Amino acid sequence: MPANALQLKWASFVKIQEMQLIKNIKVGIIVALFLSLGLMSNAFRADLPESQQQSMPLPMLADTLKKDAETGLVADENLYMVKAQCISCHSSKLIIANRFTRDGWKQKIRWMQANHNLWNLGETEKQVLDYLEKHYAPTASAARRKPLKDIKWYKLEEK
Ligand code: HEC
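Residues numbered from 1 in each chain as written. Predicted model: local features only at pLDDT ≥ 70, side-chain atom pairs only at ≥ 80, totals over all residues.

### Concerning the confidence of the model for the chain
Predicted coordinates in regions of low pLDDT should not be interpreted in detail. Put simply, the rule is: pLDDT expresses how confident the predictor is about each individual residue, on a scale running from 0 to 100. Secondary structure elements are taken from DSSP: a helix is a run of H or I of four residues or more, a strand is a run of E of two residues or more, and numbering for both begins at the N terminus.
Confidence in the prediction for the chain averages 84 pLDDT; 81% of positions are at 70 or higher. Here helix H2 (residues 50-55) is the element of the chain with the lowest mean pLDDT, 51, and helix H6 (residues 102-115) is the one with the highest, 98.

In structure tokens form, the structure reads like this:
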């Protein structure tokens, strides 16, 4: 083999090695990025006061809770009552999208009773509230913001 051909072969061998190296570095950078993102989100979590950390459910936990296929509501022994009382007028999504304390849920029920013809739940109200309090209570990560306080209203004036 002439020396030139050997050199050429060697050069292409080196080239391939370089390309491989660059590819490995790229993969390395992407992995490092993901790792640092994960660490950063953990760091933010650690900044929350302890009380909030405890009330914040792990995202995984929410996924492992069994959901009722028909309504998407969390399955438990009181679900049947919620299905009987709460989803004939509107979708269960209205429940899933909200988080209230037990008292908050009670107020919502009173509000629907006063304005939207919701019937008296009688004995079953306790079961419904037990269920809502257990599965749809406010959490740090999924709650409506607090109502605004000390709002300074002002008049819009035409010029
Ligand atoms: C008789 C009909 C009726 C029944 C039964 C009913 N609701 Fe409602 N509910 C309504 C109406 C009407 C609205 C207002 C919908 C809208 O604003 O689009 C509403 C709204 C809501 C909202 C949203 C409130 C908000 O502030 O945005 C929630 C949460 C809710 N209902 C939960 C429940 C629960 C829990 C039950 C079972 C105890 C229930 N509903 C049963 C009629 C009903």
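### Considering the site of the ligand
To keep it simple, the criterion reads: Proximity of a residue to a molecule or strand is defined by its backbone-placed C-beta atom lying within 6 Å of that partner.
The local shell around the ligand holds 16 residues, among which Cys 86, Cys 89, Asn 98, His 116 and Leu 118 are the closest. For the shell around the ligand, the secondary structure elements donating two or more residues are helix H4 (79-86), helix H5 (93-96), H6 and helix H7 (124-135). Considering each element in turn, the shell around the ligand owes the most residues, 3 residues, to H6.

### Some details on the nonpolar core
Definition in use: Think of a nonpolar core as buried Ala, Val, Leu, Ile, Met, Phe, Trp, Tyr and Cys residues chained together by C-beta atoms that fall within 7 Å. Partly exposed residues are those whose C-beta has more than 12 but fewer than 20 other C-beta atoms within 10 Å; 20 or more makes a residue buried and 12 or fewer makes it exposed, with C-beta atoms placed from the backbone.
Residues Leu 73, Val 82, Cys 86, Ile 95, Trp 105, Tyr 131, Leu 132 and Tyr 136 constitute the largest nonpolar core, which totals 8 residues. Where this core is concerned, the elements lending two or more residues are H4 and H7.

### Description of the packing of H6 against H7
The criterion, for reference: In this description, a line fitted to the C-alpha atoms serves as the axis of each element, helices being fitted only across the stretch in contact, and the angle between N-to-C directions of two axes falls anywhere from 0 to 180 degrees. An angle below 35 degrees is treated as roughly parallel, one above 145 as roughly antiparallel, one from 65 to 115 as roughly perpendicular, and anything else as oblique. By definition, turning the near helix anticlockwise from the far helix through less than a right angle yields a left-handed crossing, and turning it clockwise yields a right-handed one. Note that contacts rest on C-beta atoms placed from the backbone: two residues are in contact if these are within 7 Å.
It is the contact of H6 with H7, at a shortest axis distance of 9 Å, that shows an interaxial angle of 130 degrees. In terms of their interaxial angle, H6 and H7 are classed as oblique. Both H6 and H7 take part in a crossing whose hand is right-handed. Residues Arg 102, Trp 105 and Lys 106 of H6 form the contact with H7, whose participating residues are Leu 129, Leu 132 and Glu 133.

### Description of the packing of H4 against H7
Threshold: Three categories are distinguished: nonpolar for Ala, Val, Leu, Ile, Met, Phe, Trp, Tyr, Cys and Pro, charged for Asp, Glu, Lys and Arg, and polar for the others, with Gly belonging to the last.
It is at 9 Å that the axes of H4 and H7 come closest, and there the two elements cross at 110 degrees. In terms of axis orientation, H4 runs roughly perpendicular to H7. With respect to the hand of their crossing, H4 and H7 are arranged in left-handed fashion. Here H4 contributes Leu 79, Met 81, Val 82, Gln 85 and Cys 86 to the contact with H7, which in turn contributes Thr 124, Gln 127, Val 128 and Tyr 131. Residues of the contact of H4 with H7, tallied by class, amount to 6 nonpolar, 3 polar and no charged.

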